[in-house]
Amino acid sequence: MGKGSLSGITAYPRTIDGSFPGLQRCPGHYGTWSSATQPCWVLLRMKLLTHNMLTSHVKGVTKGYPLLIKATEVKLTDVDFNSEFVSRMIPKIEWSVLVEAADTLGHLNDLPRDLPPDYESSEDFLRKVHHVLLEVEVLEGNLKCPESGREFPITKGVPNMLLNEDEV
Amino acid sequence: MKRKELESCLQQVDVFEKPKLLLEQYPTRPHIAACMLYTIHNSFDDIEDKLVADLGCGCGVLSVGAAVLGAGLCVGFDIDEDALEICSRNIEEFDLKNIDTVQCDVCALVPERFSNKFDTVIMNPPFGTKHNKVQDLLTLIFGDVALWFGTCCLCCSKPSCRCRLVRRDVDVSASVGRC
């Protein structure tokens, strides 16, 4: 259990010398700590829900959406299912973009390409959406602007959307 | 979770090792972060199961707080990769699965494209307190962008330590309180 996590909170207060009793330094990863039973280093990620929000703002680009994902490293994770959150997100996202992104990553499974009209009442469907929105994570790769072709790299799960001076 | 518990949780967030003056980097103090997050969580129900954006997330104090309070997903935006490195470290150490980060220049975003995508924006943006004229504009830009994103809450950490809550639907700036 990581420090300060909510369920069964275990606080790891720092001692005067800056160490955490019960934890040890991860060798080779400056400044990180872990308990002996935990994996030493967990890469961060970009979820497909985040991807659904991002657009390219290169100068001259009219829409810059959706960004095409080219992933070299994808990870599946477990996130607690919350049907209310998922069904609220569905109207906010671009459904076809989500389907396309999941398909590109090879994790579409049997998610339908068209949104069923009564999706709110189908837990089975909401679980599939939950999986694709929050549990499929891109660790490495890039996002390509569909108009300018400009590629934004994803490194350790963090998309870098910074533009060069001539692109702003 | 009580406010004091949230505050002591946030005290364990790693902060900037070498803060950059020009980017006006300083960590949001755990006390004020806890005040702000606790209020918008309890009084307005704007955190739990919501899609939250943290503009100028830095080391991620506010994002970690939102995630711990049960945000559906919190997305932190920051320009500085060193800050995001520390933020990533914090996310890993707190074992949080509901935070994503994006490296970008918030001022360069086209805010209309984010219209109503997020439920809530939390931020402690640059306020131009470090003698940099360009930065005086940043507050306005951040505020502008935030209002496109969704309901939002500002935080001013210096010098008066007062949180301001701006909600588009209510159309009222309420002073959340002096911390």
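Conventions adopted
- The residue count restarts for each chain, going from 1 along the sequence in the order it is written.
- Working convention: letters from A go to chains and numbers from 1 go to ligands, in the order in which they are written.
- Thresholds applied to this predicted model are a pLDDT of at least 70 for local features of residues and 80 or more for the giving and counting of side-chain atom pairs; totals over whole chains, interfaces and linings are not thresholded and use all residues.
- Note that the side-chain values use all heavy atoms of the structure and ignore hydrogens as well as water.
- UniProt positions are given in the numbering used here, feature names are shortened, and annotations may be inferred rather than shown by experiment.
- Strands are runs of DSSP state E lasting at least two residues, helices are runs of H or I lasting at least four, and both sets are numbered from the N terminus onward.
- Between buried and exposed lies partly exposed: a residue is buried under 20% and exposed over 50% of the maximum accessible area for its type, with that area taken using a 1.4 Å probe on protein chains only.
- By definition, residues are in contact when any of their heavy atoms lie within 4.5 Å.
- Surface accessibility in these figures is a Shrake-Rupley result with a 1.4 Å probe; residues are shielded only by whichever protein chains are displayed.
- Classification of ring pairs uses Phe, Tyr and Trp, with its six-membered ring standing for Trp, and accepts pairs whose centres are within 6.5 Å; under 30 degrees between planes counts as stacked, over 60 as edge-to-face, and the remaining range as tilted.

Chain B has the name Methyltransferase-like protein 5 in an unreviewed UniProt entry, where Polypterus senegalus is given as its organism. Under the Sequence similarities (unreviewed entry) heading, UniProt states for chain B: "Belongs to the methyltransferase superfamily. PrmA family."

Where an unreviewed UniProt entry is consulted, chain A appears under the name Multifunctional methyltransferase subunit TRM112-like protein, with the organism given as Polypterus senegalus. Under the Sequence similarities (unreviewed entry) heading, UniProt states for chain A: "Belongs to the TRM112 family."

1. Concerning the overall build of chain A
Within chain A, the secondary structure is distributed over four helices and seven strands. Written out in order from the N terminus, the α and β elements of chain A read β-β-β-α-β-α-α-α-β-β-β. A buried classification covers 48% of the 168 residues belonging to chain A. Of all intrachain contacts in chain A linking residues separated by at least 6 positions in sequence, the fraction that spans at least 24 positions is 59%. Accessible area of chain A: about 8400 Å², with a carbon and sulfur share of 51%.

2. Digging into the environment of B:D144
Examined against the element boundaries, B:D144 turns out to sit in helix α5 (residues 133-149). Spatially, the C-alpha atom of B:D144 lies 10.0 Å from that of B:E112, the residues being 32 residues apart in sequence.

3. Section: the packing of aromatic side chains
Counted under the stated rule, the structure contains three aromatic pairs over all chains. Ring centres 5.7 Å apart and planes at 40° place the aromatic pair A:W95 and A:F125 in the tilted group. Here A:F125 lies in helix α4 (residues 123-135) and A:W95 lies in helix α3 (residues 95-104), a separation of 30 residues in the sequence. You can call A:W95 buried: its relative accessible area is 10%. Judged by centre distance (6.1 Å) and plane angle (75°), the ring pair of B:F77 and B:F118 falls under edge-to-face. Placement of B:F77 in strand β2 (residues 73-78) and of B:F118 in the loop between β3 (99-103) and β4 (120-123) is noted, with a sequence separation of 41 residues between them. Exposure class is identical for B:F77 and B:F118. Each is buried.

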